[in-house]
Amino acid sequence: MRIILYGTTAGCEKVRTYLDDFELHIYTHMEQLIPALIETIPDAVFVLMENAAGMEGVIAVRKVDPNLPVAWFSNDRDFAPQAYRLKTEYFATLPASREKVMAALKRCRLM
């Protein structure tokens, strides 16, 4: 299964260590993310961005494919209502831990 990780290099590298059995594509800029979503058609997207940058990432995913499973990890729990409004499958605060990543996989129906 293919997962796009969109976020900071450090955040994506940490999450990569929990996802050995998946084909991962890492993007750190919106200019990379949107073409990748169109070309790659992943099974899910994990957004690992702080503040409004994370919300913008989720909005971009939803514009390209409204049905694509999204897990959003943010440094600000106040974005939880936005995660609900944007119909993300999973929302959690950073840092992403093994337990949170496993919960995200379950919610995205990848486990």
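Relevant structure appears above.
Below you will find a few notes about this structure. All figures in this text were calculated on a predicted structure; none of them were measured in a lab.

Structural notes on the nonpolar core
One recurring pattern in soluble globular proteins is that nonpolar side chains are buried together. Core analysis: the largest hydrophobic core is formed by 21 residues, its most contacted members being Ile 3, Leu 5, Leu 19, Phe 46, Phe 73 and Val 101. Every element with two or more residues in this core is listed here: strand E1 (2–7), helix H1 (9–16), strand E3 (44–48), strand E4 (70–74), strand E5 (90–93) and helix H5 (98–107). Dropping the residues within four chain positions of it, Leu 5 is found in contact with Cys 12, Val 15, Arg 16, Leu 19, Leu 24, His 25, Ile 26, Tyr 27, Phe 46 and Leu 48. By size, the runner-up hydrophobic cluster in this structure holds 18 residues, among which are Val 47, Val 70, Trp 72 and Ala 83.

A closer look at a nonpolar patch on the surface
Taken together, the side chains of Ile 34, Ile 38 and Val 64 define a hydrophobic patch exposed on the protein surface, amounting to about 230 Å² of accessible area. Turning to its location among the elements, Val 64 is positioned in helix H3 (residues 51–64). The class of Val 64 is partly exposed, set by a relative accessible area of 32%.

Let's talk about H3
The complete set of buried residues in H3 reads Gly 54, Met 55, Gly 57, Val 58, Ala 60, Val 61 and Arg 62. On its buried face, H3 sits against E1, helix H2 (30–40), E3, E4 and helix H4 (80–85).

Concerning the pattern of salt bridges
Summed over the entire model, instances satisfying the criterion amount to three salt bridges. The closest approach of N and O atoms between Arg 2 and Glu 23, which form a salt bridge, is 3.2 Å. Taken together, the positions of Arg 2 in strand E1 and Glu 23 in strand E2 (residues 23–27) put the pair 21 residues apart, joining distant regions of the chain. Overall, Glu 23 belongs to the partly exposed group, its relative accessible area being 38%. A salt bridge links Glu 13 to Arg 16; the shortest N-O distance between them is 3.3 Å. With Glu 13 and Arg 16 both in helix H1 and three residues apart, this pair spans about one turn of that helix.

Structural notes on the sheet that holds E5
A sheet is described by the order of its strands in space; here five strands give the open sequence E2-E1-E3-E4-E5, paired in parallel fashion. Across the chains shown, the open sheet's two edge strands, defined by having one partner strand only, are E2 and E5. Between one strand axis and the next, the sheet turns by 15 degrees as a mean value, whatever way the strands run. Here four bridges tie E3 to E4, and the two strands are oriented parallel to one another. In the sheet register, Leu 48 faces E4, and the bridge partner there is Phe 73. Where H2 meets the sheet, its contacts fall on E1, E2 and E3, and the angle it forms with E1 comes to roughly 165 degrees. Where H3 meets the sheet, it contacts E1, E3 and E4, and its direction lies at approximately 170 degrees from that of E4.

Conventions we followed
Counting of residues starts from 1 at the beginning of each chain's written sequence and follows it residue by residue. Local features in this predicted model are restricted to residues of pLDDT 70 or higher, and side-chain atom pairs are both shown and tallied only at a pLDDT of 80 or more, whereas totals for entire chains, interfaces and linings draw on every residue. Note: side-chain values were computed over all heavy atoms of the structure, leaving out hydrogens and water. By nonpolar core is meant a set of buried Ala, Val, Leu, Ile, Met, Phe, Trp, Tyr and Cys residues that side-chain atoms within 4.5 Å join together. Exposure is judged per residue with a 1.4 Å probe applied to protein chains only, and the accessible area is read against the type maximum: over 50% gives exposed, under 20% gives buried, and values in between give partly exposed. Where helices and strands are cited, they refer to DSSP runs of H or I of at least four residues and of E of at least two residues respectively, numbered from the N terminus. Residues count as neighbours in contact if any of their non-hydrogen atoms are within 4.5 Å of one another. Patch membership needs two things, relative accessible area over 30% and no salt bridge, and members are linked within 9 Å if like-charged or within 5 Å if nonpolar (Val, Leu, Ile, Met, Phe, Trp, Tyr). Calculation of accessible area relied on Shrake-Rupley with a 1.4 Å probe; when residues are assessed, cover is drawn exclusively from the protein chains displayed. Here a salt bridge means any side-chain nitrogen of Lys or Arg lying within 4 Å of a carboxyl oxygen belonging to Asp or Glu. For two strands to pair, DSSP has to find at least two bridges joining them. Only the contacting stretch of a helix is used when fitting its axis, a line to C-alpha atoms as for every element, and angles between N-to-C directions run 0 to 180 degrees.

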